[in-house]
Amino acid sequence: MKLAFQVNNCSIERTLDIVGEKWTFLVLREAFRGVRRFADMQATTGAPRQVLSARLTRLVDEGLLRKEPYREPGQRQRDEYRLTEKGLDLYPLLVALMHWGDKYLADDGPPVVLTHRDCGGLIEQHFRCAEGHEVAGPREVTALPGSGAELKTA
């Protein structure tokens, strides 16, 4: 089905402009795990120092992370990196990527499982419409132009 509107202002493309790079996803993964300090993030991601610095700067500039100063006794002041609400809203995306990798790439099973802190149940992701109906997949979805769509001119 051919859509009657442009996708040159696509939200997927704009999001990927910010987060669509391996090191950025690994930085976000660590931030969700509670890693906040540069040296710890470098150790857990394996990112080169300059790459990590550039990714952290971009994530702060885009409002996904915020800096918070800290000082170890006898040391100079440094910054920790904490997720903002905008950054926290990316959690379902990272979980979806993880679940996809677990299903198709983890021959020996998932390296990490996510559980509900209160009951211990495994975390699952589901789509629901605003009316509360379960949506099984893309064949049950219709893409319609939204308020930001650019309509084609014949």
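The notes below deal with the structure included here.

Rules and cut-offs
Residues numbered from 1 in each chain as written. Predicted model: local features only at pLDDT ≥ 70, side-chain atom pairs only at ≥ 80, totals over all residues. Heavy atoms only, no water. Phe/Tyr/Trp six-rings, centres within 6.5 Å; stacked < 30°, edge-to-face > 60°. Lys NZ or Arg CZ within 6 Å of the ring centre and 35° of its normal. Buried < 20%, exposed > 50% of the residue type's maximum accessible area, 1.4 Å probe, protein only. Helix = DSSP H or I, 4+ residues; strand = E, 2+ residues; numbered from the N terminus. Contact = heavy atoms within 4.5 Å. Polar contact = N/O pair within 3.5 Å; in protein donor to acceptor, adjacent residues only side chain to side chain. Core = buried A, V, L, I, M, F, W, Y, C linked by side-chain atoms within 4.5 Å. Pairing = 2+ DSSP bridges. Salt bridge = Lys/Arg side-chain N within 4 Å of Asp/Glu carboxyl O. Axes fitted to C-alpha atoms, helices over the stretch in contact; angles between N-to-C directions. Parallel < 35°, antiparallel > 145°, perpendicular 65-115°, else oblique. Nonpolar A, V, L, I, M, F, W, Y, C, P; charged D, E, K, R; others polar.

## Focus on the packing of aromatic side chains
Applying the stated criterion across every chain yields a total of two aromatic pairs. Over the ring of Trp-23 we find Lys-22, and its NZ or CZ is 4.6 Å from the ring centre. Against the face of Tyr-70 rests Arg-37, its NZ or CZ located 3.7 Å from the ring centre.

## Thoughts on helix α2 (residues 22-32)
Burial analysis of α2 places eight of its eleven residues in the buried class, which makes it a mostly covered element. Residues of α2 that are buried include every one of Trp-23, Thr-24, Phe-25, Leu-26, Val-27, Leu-28, Glu-30 and Ala-31, and no others. In this fold, the buried residues of α2 make contact with α1 (11-19), α3 (38-45), α4 (49-61), β2 (65-71), β3 (77-83) and α6 (91-104). Where α2 begins, the side chain of Glu-21 points an oxygen toward the backbone nitrogen of Trp-23, at a separation of 3.1 Å.

## Quick word on the nonpolar core
Nonpolar side chains in soluble globular proteins tend to be buried together. Membership of the largest hydrophobic core comes to 20 residues, with the highest contact counts inside it found for Val-27, Leu-28, Leu-52, Leu-56 and Leu-65. Going through the elements one at a time, α2, α3, α4 and β3 are the ones with two or more residues in this core. At six residues, α2 tops the list of elements feeding residues into this core. Setting aside its immediate chain neighbours within four residues, Leu-28 contacts Val-19, Leu-59, Leu-83, Leu-90 and Leu-94.

## Quick notes on the pairing of β3
Both β2 and β3 contribute to a ladder of seven bridges, which runs antiparallel. Bridged to Arg-66 within β3 is Arg-82. Remark: five residues form the turn of the hairpin made by β2 and β3, two consecutive strands paired antiparallel; Gly-74 in that turn has positive phi of roughly 80 degrees.

## Focus: the pattern of salt bridges
Evaluation of the coordinates by the stated rule reveals eleven salt bridges. Note that Arg-33 and Glu-30 form a salt bridge whose closest N and O atoms lie 2.8 Å from each other. On the basis of relative accessibility, which here comes to 0%, the residue Glu-30 falls in the buried class. Shared partners join several salt bridges into a network, and the residues in it are Arg-37, Arg-66, Glu-68, Glu-72, Glu-80 and Arg-82.

## Focus: the packing of α2 against α6
At a minimum axis distance of 11 Å, the contact between α2 and α6 shows a crossing angle of 110 degrees. One finds that α2 runs roughly perpendicular with respect to α6. Contacts from Phe-25, Leu-28, Arg-29 and Phe-32 in α2 reach Tyr-91, Leu-93, Leu-94 and Leu-97 in α6. Within the contact of α2 with α6, the residues separate by chemical class into seven nonpolar, no polar and one charged.

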